[in-house]
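Listed below, chain by chain, are the residues.
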Amino acid sequence: QVQLVESGGGLVQAGGSLRLSCAASGSIVSINNMGWYRQAPGKQRELVTTINSGGRINNADSVKGRFTISRDNAKNTVYLQMDSLKPEDTAVYYCYADLAAVWAQRRGYWGQGTQVTVSS
């Protein structure tokens, strides 16, 4: 079964940094888009940043210049380097992958979410 396993969340002070990782596991054939969304309490889930298999990146305006996404295709892993964190970055961060697995058509998968809390 395909799973997205996240790590790296935690509590940091404003201005600090965190690095999130998300590893996709299972009988994966290919991954197209992969990236991160976030959801704060009482708010809708929103895009943070994604990267496709060709390296094209889509960033939310709120994180441009502060967050950097990268991926290791050999490891089916995506990373999110978060610098200059702000209290408004506090949210549950969800890994997302659009992938194809053995005996399954391509579809989207979500990780369980990892909490990022930025104190002021």
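Residues numbered from 1 in each chain as written. Predicted model: local features only at pLDDT ≥ 70, side-chain atom pairs only at ≥ 80, totals over all residues. Heavy atoms only, no water.

(A) The overall build of the chain, seen in detail. Summing up its helical and strand segments, the chain has zero helices and eleven strands in all. The C-alpha radius of gyration of the chain comes to 14 Å, within 12% of the 14 Å expected for a compact globule of 120 residues. Evaluated residue by residue, the chain yields a buried proportion of 42% over its 120 residues. Intrachain contacts of the chain at a sequence separation of at least 6 include 56% that bridge at least 24 residues. Carbon and sulfur atoms provide 45% of the accessible area of the chain, an area that totals close to 6400 Å². (Helix = DSSP H or I, 4+ residues; strand = E, 2+ residues; numbered from the N terminus. Rg over C-alpha atoms; globule rule 2.2 N^0.38 Å. Buried < 20%, exposed > 50% of the residue type's maximum accessible area, 1.4 Å probe, protein only. Contact = heavy atoms within 4.5 Å. Areas by Shrake-Rupley, 256 points an atom, 1.4 Å probe, with all protein chains shown as cover.)

(B) Spotlight on the pairing of strand S10 (residues 104-110). As paired strands, strand S9 (residues 91-101) and S10 are joined by five bridges and run antiparallel to one another. When the sheet's bridge partners are listed, tyrosine 96 is paired in S10 with tryptophan 110. (Pairing = 2+ DSSP bridges.)

(C) Expanded view of the side chain of threonine 50. Considering the arrangement of structural elements, one finds threonine 50 in strand S5 (residues 46-51). Residue threonine 50 is classed as buried on the basis of its relative accessible area, which comes to 11%. The residues touching threonine 50, leaving out its near neighbours within four places in the chain, are Met34, Gly35, Trp36, Tyr37, Arg56, Ile57, Asn58 and Ile69.

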